[in-house]
Amino acid sequence: MNLTISGHHLEVTPALRSYVTTKLDRIARHFDQVVDVKVLLTIEKQKEKEKRQRAECNIHVKGSDLFAESSHADLYAAVDELVDKMDRQVVRHKDRLQNHHHEAAKRELHV
């Protein structure tokens, strides 16, 4: 799994990087076919202070791309919310990939 964490208008500190990495381990635990993960952490210059910390994530999995974003007053809370959203998407994608059709019961030939 390739992981890219970048910041826009902020410096990605080692503590922030390790926090995002440990949170994203949950997604890798649920689905092992994750190819590429890109996380963008942003501080927006909005007038309202409540939701200016923003986290976005693009995940490239086998078969499709998944995207989620989250805004919060606290960047760590935004990352938590983002990982929850991504985890739901990855689990739903995994369920779609699995074949839910059962084989017909095999009949035995009595000779």
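Given the structure is predicted, the values throughout are model-derived calculations rather than measurements. (Residues numbered from 1 in each chain as written. Predicted model: local features only at pLDDT ≥ 70, side-chain atom pairs only at ≥ 80, totals over all residues. Heavy atoms only, no water.)

A. Highlighting the nonpolar core. Core analysis: the largest hydrophobic core is formed by 26 residues, its most contacted members being I27, V39, L41 and I59. Put simply, the parts of the chain that give this core at least two residues each are helix 1 (14-30), strand 2 (34-43), strand 3 (53-61), strand 4 (64-72) and helix 2 (75-97). The element best represented in this core is helix 2, accounting for seven residues. Contacts of V39, omitting those with residues within four sequence positions, involve L3, T4, I5, S6, V20, L24, E56 and C57. (Core = buried A, V, L, I, M, F, W, Y, C linked by side-chain atoms within 4.5 Å. Buried < 20%, exposed > 50% of the residue type's maximum accessible area, 1.4 Å probe, protein only. Helix = DSSP H or I, 4+ residues; strand = E, 2+ residues; numbered from the N terminus. Contact = heavy atoms within 4.5 Å.)

B. View of the pattern of salt bridges. A full pass over the atoms with the stated rule returns seven salt bridges. Put simply, K23 and D80 hold a salt bridge, and the shortest N to O gap is 3.4 Å. One end of the pair, K23, is in helix 1; the other, D80, is in helix 2, with 57 residues separating them in the sequence. Judged by its relative accessible area of 26%, D80 falls in the partly exposed class. Among the ionic pairs, E56 bridges to R54, the shortest N-O distance being 2.1 Å. Residue class for R54 comes out partly exposed when judged on its relative accessible area of 21%. Residues participating in the shared-partner salt-bridge network are E44, R54, E56 and E69. (Salt bridge = Lys/Arg side-chain N within 4 Å of Asp/Glu carboxyl O.)

C. Helix 1, seen in detail. Its 17 residues give helix 1 an end-to-end C-alpha distance of 25 Å, which sits within 8% of 24 Å, the value for a rise of 1.5 Å per residue. When helix 1 is considered as a whole, its buried residues turn out to be L16, V20, L24 and I27. Those residues of helix 1 that are buried lie in contact with strand 1 (2-8), strand 2, strand 3 and helix 2. (Expected span 1.5 Å × (residues − 1).)

D. Spotlight on the pairing of strand 1. Relative to strand 2, strand 1 is paired through seven bridges, and the arrangement is parallel. Bridging across to strand 2, I5 finds its partner in V39. Of the crossover connections in this fold, the one passing from strand 1 over helix 1 to the parallel strand 2 is left-handed. (Pairing = 2+ DSSP bridges. Right-handed = clockwise from strand over helix to strand, strands pointing away.)

E. Quick peek at the packing of helix 1 against helix 2. Relative to each other, helix 1 and helix 2 sit at 20°, their axes nearing to 9 Å. It follows from the interaxial angle that helix 1 and helix 2 lie roughly parallel. At the point where helix 1 passes helix 2, the crossing takes the right-handed sense. From helix 1, A15, L16, Y19, V20, K23, L24, R26, I27 and H30 reach across to helix 2, where they touch L75, Y76, V79, D80, V83, D84, M86, D87, V90, V91 and K94. Across the contact of helix 1 with helix 2, the residue classes break down as 13 nonpolar, one polar and six charged. (Axes fitted to C-alpha atoms, helices over the stretch in contact; angles between N-to-C directions. Parallel < 35°, antiparallel > 145°, perpendicular 65-115°, else oblique. Left-handed = near helix turned anticlockwise from the far one by under 90°. Nonpolar A, V, L, I, M, F, W, Y, C, P; charged D, E, K, R; others polar.)

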